[in-house]
Amino acid sequence: MRDAVIVEAVRTPLGRGRETGALHDVHPVDLMAHSLRAVVDRSGVDPNLIDDVIGGVVSTVGEQGANVTRRAALAAGYPESVPATTVDRQCGSSQQALHFAAQGVIAGAYDIAVAAGVESMSRVPMGSSMLGTTDPSGVAFAERYPDGLVPQGISAELIAARWGISRTQMDEFALGSHAKAATATKDGLFDAEISSVGEVRTDEGIRVGSTLDTLAGLRPAYFDEAMARRFPEIEWNVTAANASQVTDGSAALLVTTSERAAQLGLTPLARVHSVAVAGDDPLLMLTAVIPATRKVLARAGLALDDIDLFEVNEAFASVVLAWAKETGADLDKVDVHGGAIALGHPLGASGARLTTTLVHALRERGGRFGLQTMCEAGGLANATVIERL
């Protein structure tokens, strides 16, 4: 039976998603091309052997529109004969790209595939693909949800209220994310996964020196009077500090079979053990990580205690804390090198970035199984179990 193994995993440093950010001047095609080039250079694979490149992007408009992955693959120097496509499962887009790549390899449709992702949030702002759209959902959707859905920040507040997560708990989690990321950077734990972009060698968003008192002084990021009337249970505790950062970056993963890797003299880093995708309440929007985790564990035939490390995207602290309450996962195993609150969340690149960090963290710590899950707009989540080899 064919399997799917990851033989290389690489990412760019992550830059703040603003005009003054470290990667703002890098076109998103060039940003994705950087990771696509690095994953081939590091593995030594002849790019002529790649059967497909699958890239994840969320804001597929402007510089990131019209199948940006194809342009990035050509910009990376891949042969014109190598095809490429772009997928959108919102924040899980490049994690879904990995799933598609692994499924294609296992099915025999591919022998070698690259899964990647990019988002330049400083150049293509979040939500820009919907600008000018007055009715994105149509009649039947509105009939099903007559009260309307809400922005993600409101969903994060609703999750905090439903699971009884306090401002202090969220702020403590945020401080921990920055502390872990700072330590990982200082100790060189990201060196194996990062490919520098020019003079940019480290993640730009990591902050040190903040305190609970400092964070307590921040205003709620999403307060809205109409939403306060609609949802009186909200305590308005989500702030810029306990939510993910707007970020630029890219990542790429090279996927093949164990047999093909051996033929090419490649040493696999990890096996894609099991994958799953789940849906949940689109009002709460960000809770599908809970059923997705249960689904992928059942599919893998594993228990929660079998997992050595977790990567749960830190879109908001409330999401990870609610997930941990529901699953019973040990937070000491979660995002051990920091997460999106400290490193940033470059939307379409985040799925591949999390996998890249998870693969290297398992190798660094000697763990066997890692589980990654990503909340996504619309009430969706991907989940992946990888096994270190």
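In what follows, the structure referred to is the one given above.
No experiment lies behind these values; they were computed from the predicted model shown.

A. Layout of the environment of Arg89. Tracing the sequence through the fold places Arg89 in the loop between β4 (84-87) and α3 (93-107). For Arg89, a relative accessible area of 23% gives the class partly exposed. Residues Arg89 and Ala377, spaced 288 residues apart in sequence, show a C-alpha to C-alpha distance of 8.2 Å. Once residues lying within four places of it in the same chain are set aside, the contact partners of Arg89 are Gln96, Val277, Glu376, Leu380 and Asn382. Side-chain polar atoms of Arg89 contact the side chain of Gln96, separated by 2.6 Å. Of note is the side chain of Arg89, whose polar atom sits 3.5 Å from the side chain of Asn382.

B. Up close: the nonpolar core. In terms of nonpolar packing, the biggest core is built from 55 residues, with Ile154, Leu286, Phe310, Phe316 and Trp323 touching the most fellow members. Secondary-structure elements contributing two or more residues to this core are α5 (152-162), α6 (167-186), β7 (270-279), α10 (289-300), β8 (309-312), α11 (317-327), β9 (369-376) and β10 (380-388). A per-element tally of this core places α11 first, with seven residues. In contact with Trp323, not counting residues within four places along its chain, are Val289, Ile290, Thr293, Phe310, Val312, Gly328, Ala329, Val334 and Thr373. Residues Val39, Val53, Val57 and Ala261 belong to the second largest nonpolar core, which totals 34 residues.

C. Region of the structure containing the packing of α3 against helix α13 (residues 350-365). The N-to-C vectors of α3 and α13 enclose an angle of 70 degrees; their axes lie 5 Å apart at closest approach. The orientation of α3 with respect to α13, classified from their angle, is roughly perpendicular. Residues Ser94, Gln95 and Leu98 of α3 form the contact with α13, whose participating residues are Ser350, Gly351, Ala352 and Thr355. Across the contact of α3 with α13, the residue classes break down as two nonpolar, five polar and no charged.

Cut-offs and rules
- Per-chain numbering applies: the sequence of each chain, read as written, is numbered from 1 onward.
- Local features in this predicted model are restricted to residues whose pLDDT is 70 or higher, and side-chain atom pairs enter the listing and the counts only when it is 80 or higher, whereas totals over whole chains, interfaces and linings include all residues.
- The side-chain values count all of the structure's non-hydrogen atoms but skip hydrogen atoms and water molecules.
- In this text, helices come from DSSP runs of H or I with a minimum length of four residues, and strands from runs of E with a minimum of two, each type numbered from the N-terminal end.
- Three exposure classes are used, based on accessible area relative to the maximum for each residue type with a 1.4 Å probe and protein chains only: buried under 20%, partly exposed in between, and exposed over 50%.
- We call two residues in contact when some of their heavy atoms are within 4.5 Å.
- Any pair of nitrogen or oxygen atoms within 3.5 Å is treated as a polar contact; in protein, a donor-acceptor pairing is required on top of that, and neighbouring residues in sequence qualify only through side-chain atoms on both sides.
- What is meant by a nonpolar core is a set of buried Ala, Val, Leu, Ile, Met, Phe, Trp, Tyr and Cys residues, joined one to another through side-chain atoms within 4.5 Å.
- Angles shown run from 0 to 180 degrees and are taken between the N-to-C directions of axes, each axis being a line fitted to C-alpha atoms and, for helices, limited to the stretch in contact.
- Roughly parallel refers to an angle under 35 degrees, roughly antiparallel to one over 145, roughly perpendicular to one between 65 and 115, and oblique to any angle outside these ranges.
- Here the term charged refers only to Asp, Glu, Lys and Arg, the term nonpolar to Ala, Val, Leu, Ile, Met, Phe, Trp, Tyr, Cys and Pro, and the term polar to all other amino acids, Gly among them.

This is a description of form; function is not addressed.
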